[in-house]
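Structure assessment
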Amino acid sequence: MELEKTFIEGLQIIHLKKMPDNRGAFTKIFNNDFFIENNLTTDFKESYFSVSHKDVIRGMHFQVPPAEHIKLVFVNHGSIIDVVLDIRKESATYGKYFYTLVTDSQPKLIYIPVGCAHGFLSLQDNTIVSYIQTSVYNKECDFGIRWDSFGMNWKIDTPIISQRDFLFINFSNYKTPFTL
């Protein structure tokens with residue numbers, strides 16, 4: 001595992017090693033000692049995965065207090081453009097976003113801090129994305145920012161968007177509870 005910091009405070013990329021052999025491949029996605037040595041949270045409470053068609057955009061999702069969370073994201077199969085938006089009002093990078101290509105062939109974890117919204121664009125059919133969170137899902141604390149309201153060029157003309165994600169508030173109208 002190799003840690004890469006980004007320009008958004010607390011947002012980190014953890015590069016993983018894919019070890020192929022005659023059976024297939026093996027990738028370690030979590031090592032408690034590595035996380036502790038790098039001051040990363042290890043207290044995860046819930047895990048999910050999604051399966052997406054090509055051109056699906058999921059996001060931009062987050063939970064507000066008291067159910068806010070740190071989130072780990074990785075791709076089990078396929079490829080995505082992963083996007084993180086800083087919604088912490090007092091952050092030097094408030095309103096800025098980071099994106100990166102994440103694939104099953106060059107695996108990495110995206111370590112998303114509290115106060116950031118997350119989403120992705122699926123680049124191929126049957127892309128499987130896993131999420132591990134430090135809080136349990138809470139419907140009353142579940143929110144989102146509209147995917148096309150903060151300046152990200154998704155480079156797609158007709159994305160597939162859920163009704164829920166389509167109805168999220170525009171970033172300019174969102175009043176965040178998050179600070180640094």
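Residues numbered from 1 in each chain as written. Predicted model: local features only at pLDDT ≥ 70, side-chain atom pairs only at ≥ 80, totals over all residues. Heavy atoms only, no water.

Spatially, the 6 strands line up as an open sheet ordered E1-E2-E10-E7-E12-E5, and their pairing is antiparallel. Taken across any chain shown, the strands that pair with only one partner, and hence form the sheet edges, are strand E1 (2-5) and strand E5 (46-52). Between one strand and the next, the sheet's axes are offset by a mean angle of 20 degrees, whatever the strand orientation. Where strand E2 (residues 12-15) meets strand E10 (residues 108-112), 4 bridges bridge the pair, whose relative direction is antiparallel. The residue of E10 that forms the bridge with Ile13 is Ile110. (Pairing = 2+ DSSP bridges. Helix = DSSP H or I, 4+ residues; strand = E, 2+ residues; numbered from the N terminus. Axes fitted to C-alpha atoms, helices over the stretch in contact; angles between N-to-C directions.)

Our focus in this paragraph is the nonpolar core. A general trend in soluble globular proteins is that nonpolar side chains are found buried together. Formed by 21 residues in total, the largest nonpolar core has its most connected members in Met60, Phe62, Leu85, Ile87, Ile145, Phe150 and Trp154. Of all elements in the fold, only strand E6 (57-63), strand E8 (79-86) and strand E11 (116-122) reach the threshold of two or more residues within this core. Grouped together as the second largest cluster of nonpolar side chains are 15 residues, Val84, Phe98, Val102 and Tyr131 included. (Core = buried A, V, L, I, M, F, W, Y, C linked by side-chain atoms within 4.5 Å. Buried < 20%, exposed > 50% of the residue type's maximum accessible area, 1.4 Å probe, protein only.)

Turning our attention to the pattern of salt bridges. On inspection of all chains with the given rule, the structure shows 7 salt bridges. The closest approach of N and O atoms between Lys45 and Asp43, which form a salt bridge, is 3.0 Å. The shortest N-O distance in the salt bridge between Asp148 and Arg146 comes to 2.6 Å. Overall, the relative accessible area of 39% leaves Asp148 in the partly exposed class. Here Arg146 falls in the buried class, since its relative accessible area comes to 16%. What emerges from the salt-bridge pattern is a single network uniting Asp142, Arg164 and Asp165. (Salt bridge = Lys/Arg side-chain N within 4 Å of Asp/Glu carboxyl O.)

The space that makes up the largest pocket amounts to roughly 410 Å³. Lining the largest pocket are 22 residues, and of these Tyr48, His61, Lys71, Tyr131 and Arg164 lie nearest its centre. For the lining of the largest pocket, the elements supplying multiple residues, two or more each, are E5, E6, E11, strand E12 (127-133) and helix H2 (163-166). Here the lining of the largest pocket is built from residues that sort into 10 nonpolar, 7 polar and 5 charged. For the second largest pocket, the calculated volume is near 160 Å³. In terms of lining residues, the second largest pocket is bounded by Leu16, Lys18, Ala25, Thr27, Ile29, Phe74, Val75, Asn76, Asp104 and Pro107. Of all the elements in the fold, those that place two or more residues in the lining of the second largest pocket are strand E4 (24-27) and strand E7 (71-77). A per-element tally of the lining of the second largest pocket places E7 first, with 3 residues. (1 Å grid on protein atoms, 1.4 Å probe; cavity = no way out; pocket = protein on both sides within 12 Å on 5 of 7 lines; lining within 4 Å. Points joined across faces, edges and corners; volume = space filled by probe spheres on them. Nonpolar A, V, L, I, M, F, W, Y, C, P; charged D, E, K, R; others polar.)

Attention shifts here to the environment of Asn22. Along the chain, Asn22 turns up in the loop between strand E3 (18-21) and E4. Along the chain, Asn22 and Leu123 lie 101 residues apart, while their C-alpha atoms are 27 Å from each other.

In total, this model carries 1 cavity of 30 Å³ or more according to the counting rule given. Each pocket or cavity is described by its volume, and for the largest cavity that value is around 80 Å³. Secondary structure elements with two or more residues in the lining of the largest cavity: E6 and E11. Ranked by residue count, the leading element in the lining of the largest cavity is E6, at 3 residues. Residues that form the lining of the largest cavity fall into these classes: 6 nonpolar, 5 polar and 2 charged.

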